[in-house]
Amino acid sequence: CCTLRQAFVDANKIFEAAKCVKMRSPAGKDLPDAKSIWIFTNQDNPCSSNFDKIQTITHGKDLKDANVDIHVMPMPKKSGDFDKSLLYNDLLSPISLQENVDCFADNNGTLDIEDVLENFGHFARKARKYAYVPLFLPGWKEREGDPGIMLDLYSVVRERKKPVPITVHQEKCTATAKRTSMIDKETGSVVEKKDLHYYAEFCGGRVTLHPDDIATLKDLSRSNMAGCVALLGFRPMESLDVTFPLNKNSIAFANDSFVAGSNTAFYNLKNAMERKNVYAVAELHTRAKSVSRMVALVPHRSSNGGLLIMQLPFKEDVREVAKEDIGFADQDAVDAAKNLIATSTVNHEGNFSEMLPENPWLKHFFGYLESVSLGRELDEVEDETKMDVEGLLAVARQQIEDFSISLPIDPEPVKKERKRKADAVSKPSKADTPMEDIDEEWIDLYKDDEISGKTAPELKAFLKSRGERVGGKKGELVDRVNRIIYNHIFSQK
């Protein structure tokens, strides 16, 4: 039996039995954990027969169908180069198939752990990469054949998309492809995409636009046909408005594997921008047929950070605040808010990133690897991201109470009286409903900011016991429960 095939079978059992590996929820709301297999080997074909090879590839495809990424770290061979085409090209995940990984300092098999960690981080970032484009410096059109600085673009925030229902083939158990066609009502024939026309509002009328005209307009809006980042100039950092980062931002890192020397040029450009305290204004479009946007390239403050890409708005996108919307807050509420912010602000000298909490899920993952590899017990991970309610109240309890008192009370909506029958039994009002004492469990959940962990039926049962409305989404239920417990705590004190 091929040892690699048996390793795939054992790995699949481990992933299915491991309680710490989070699977996709039935409703599709929670994303599954990333699952990867790393193979360190100097055997480019460990299978002894063609049958073993077919069985190994079959088990590898089963792992890929279970969303398990397979990577290989080739170790030095006694003779010849490591040939992935013999077996591993049929096993590797798409994100690692094109990678040429070499983490060994010499042919004696000395492992460079720094290169291994760099490759781990590279593959982790690659899951968030959405494009790679060259960065062209000013005057690039006059320099024929200028490759620019190759950049990898990553999304700072990944959006959780709503799951889409799919149709599964009964025999192959794979998702079927869906094809949509437009039918002419009069002739019943299929309308080709090239025959479609679009309309746009222009000077109070509707103007027809052919897809070729739309493509021409997009081409005229770009300085380059292919995707790129064209640097236009620099501006002082003080001119960067604080409202610009409100859009979806990206971060760029150099890619030395496509264009040699990109890391050095990128590092020198970023350091020069930091010394001069400037940001770059550039034109960005990631695809050949996309519309370009003006962006700001802001150097990240960390030593190994990249360039933050922020979309710059057009003049028409920025609107002034109406005069009647200025100064509507009460002065006492403004003073109480300032006092609360001044009291609870964290003061830290030096790099702000040094005081940020560590990722609890990442600490748990490395703790799990250490416990499995060294045979130790799994230590409990301290979650530093949770709010220290007791510490916050010890510092700013009085300021929180003053700010709460200064807020205006929302007027209650006037309810119309309904006509009732004379013999109808009137229901007890909310004020006459006996209130149950709040259990300590709910108070502890409120202090730990874990009310959202309760299910919707549990939240509705709590609200019903307090005589409150039980309708609405779960987020509204959580806010309602937090408000009730907050009022209960401060009313006792």
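Residues numbered from 1 in each chain as written. Predicted model: local features only at pLDDT ≥ 70, side-chain atom pairs only at ≥ 80, totals over all residues. Heavy atoms only, no water.

Let's talk about the overall build of the protein chain
Logical step 1: Helices and strands together make up the secondary structure of the protein chain, namely twelve helices and eleven strands.
Logical step 2: Across the 493 residues of the protein chain, 28% fall into the buried class.
Logical step 3: Taking all contacts inside the protein chain whose residues are at least 6 apart in sequence as the whole, residues at least 24 apart take part in 61%. (Helix = DSSP H or I, 4+ residues; strand = E, 2+ residues; numbered from the N terminus. Buried < 20%, exposed > 50% of the residue type's maximum accessible area, 1.4 Å probe, protein only. Contact = heavy atoms within 4.5 Å.)

Structural notes on the packing of helix H1 (residues 3-17) against helix H2 (residues 50-65)
Each pair of packed helices gets described by two things: the angle between the helix axes and the distance between those axes.
Logical step 1: Where H1 meets H2, the closest approach of the two axes is 9 Å, and the angle between their N-to-C directions is 25°. Compared by their axis directions, H1 and H2 come out roughly parallel. As for the relative orientation of H1 and H2, their crossing is left-handed in sense. On the side of H1, the interface is formed by Leu4, Arg5, Phe8, Val9 and Asn12, while H2 contributes Asp52, Gln55, Thr56, His59, Gly60 and Leu63.
Logical step 2: Looking at side-chain class alone, the contact of H1 with H2 contains four nonpolar, five polar and two charged residues. (Axes fitted to C-alpha atoms, helices over the stretch in contact; angles between N-to-C directions. Parallel < 35°, antiparallel > 145°, perpendicular 65-115°, else oblique. Left-handed = near helix turned anticlockwise from the far one by under 90°. Nonpolar A, V, L, I, M, F, W, Y, C, P; charged D, E, K, R; others polar.)

Some thoughts on H2
Logical step 1: With 16 residues, H2 should cover 22 Å at 1.5 Å per step; its first-to-last C-alpha distance of 23 Å lies within 8% of that length.
Logical step 2: Among all positions in H2, only Asp52, Thr56, Ile57, Gly60 and Leu63 are buried. The buried residues of H2 occupy an angular sector of 130° when the element is viewed end-on, so they sit on one face. Residues of H2 that are exposed and angled more than 90 degrees away from the buried face: Asn50, Phe51 and Asp65. (Expected span 1.5 Å × (residues − 1). Arc of directions from axis to C-beta.)

With respect to the environment of Glu358
Logical step 1: Here Glu358 shows up in the loop between helix H7 (331-344) and helix H8 (360-374).
Logical step 2: Relative accessible area serves as the criterion here: at 47%, Glu358 is assigned to the partly exposed category.
Logical step 3: Note: C-alpha distance between Glu358 and Asp383 (25 residues apart in sequence) is 8.1 Å.

Observations concerning the sheet that holds strand E4 (residues 149-155)
Logical step 1: Here seven strands make up a closed barrel; going around it, the order is E3-E4-E8-E11-E10-E9-E7 and the pairing mixed. Geometrically, the sheet is characterised by an average inter-axis angle of 40° between neighbouring strands, direction not taken into account.
Logical step 2: Bridging between E4 and strand E8 (residues 250-254) involves five bridges; their strand directions are antiparallel. Opposite Leu153, over in E8, you have Ala252 as the bridge partner. (Pairing = 2+ DSSP bridges.)

Thoughts on the packing of aromatic side chains
Logical step 1: Throughout the structure, instances matching the rule amount to three aromatic pairs.
Logical step 2: Between Tyr154 and Phe253, the aromatic rings sit 5.8 Å apart at their centres with planes inclined by 65°, giving edge-to-face as the arrangement. Placement of the pair is Tyr154 in strand E4 and Phe253 in strand E8, with a sequence separation of 99 residues.
Logical step 3: Judged by centre distance (5.5 Å) and plane angle (65°), the ring pair of Phe365 and Phe366 falls under edge-to-face.
Logical step 4: Above the plane of the ring of Trp442 lies Lys454, whose end atom (NZ or CZ) is 5.2 Å from the centre. (Phe/Tyr/Trp six-rings, centres within 6.5 Å; stacked < 30°, edge-to-face > 60°. Lys NZ or Arg CZ within 6 Å of the ring centre and 35° of its normal.)

Thoughts on the side chain of Ser292
Logical step 1: Checked against the element boundaries, Ser292 lands in the loop between strand E9 (278-285) and strand E10 (293-299).
Logical step 2: If near-sequence neighbours (up to four positions away) are discounted, Ser292 is found in contact with Ser221, Arg222, Glu283, Leu284 and His285.

Focus: the pairing of strand E11 (residues 307-311)
Logical step 1: Bridge analysis of E8 against E11 gives three bridges, and the strand direction is antiparallel. Along E11, the bridge assignment pairs Ser250 with Ile309.
Logical step 2: With five bridges connecting them, E10 and E11 associate as antiparallel partners. Residue Val295 lies in a different strand from E11, and its bridge partner there is Gln311.

Topic: the nonpolar core
Logical step 1: Membership of the largest hydrophobic core comes to 21 residues, with the highest contact counts inside it found for Leu135, Leu151, Leu153, Val229, Leu297 and Ile309.
Logical step 2: Contributing elements (two or more residues each) for this core: strand E3 (129-136), E4, strand E7 (228-236), E8, helix H6 (262-276), E9, E10 and E11.
Logical step 3: The greatest single-element share of this core, amounting to four residues, is contributed by E9.
Logical step 4: Ranked by size, the runner-up nonpolar core spans 17 residues in total, among them Ala11, Ile37, Cys47 and Leu92. (Core = buried A, V, L, I, M, F, W, Y, C linked by side-chain atoms within 4.5 Å.)

Here's the deal with a negative patch on the surface
Logical step 1: A cluster of acidic side chains, namely Asp439, Glu440, Asp444, Asp448 and Asp449, defines a negative patch on the protein surface.
Logical step 2: If you trace the backbone, Asp449 turns up in the loop between helix H10 (440-447) and helix H11 (456-465). (Patch = residues over 30% accessible without salt bridge, like charges linked within 9 Å, V, L, I, M, F, W, Y side chains within 5 Å. Areas by Shrake-Rupley, 256 points an atom, 1.4 Å probe, with all protein chains shown as cover. Salt bridge = Lys/Arg side-chain N within 4 Å of Asp/Glu carboxyl O. Lys, Arg positive; Asp, Glu negative; His and termini not counted. Charge placed at Lys NZ, Arg CZ, Asp CG, Glu CD.)

By themselves, these figures tell us nothing about what the structure is for.
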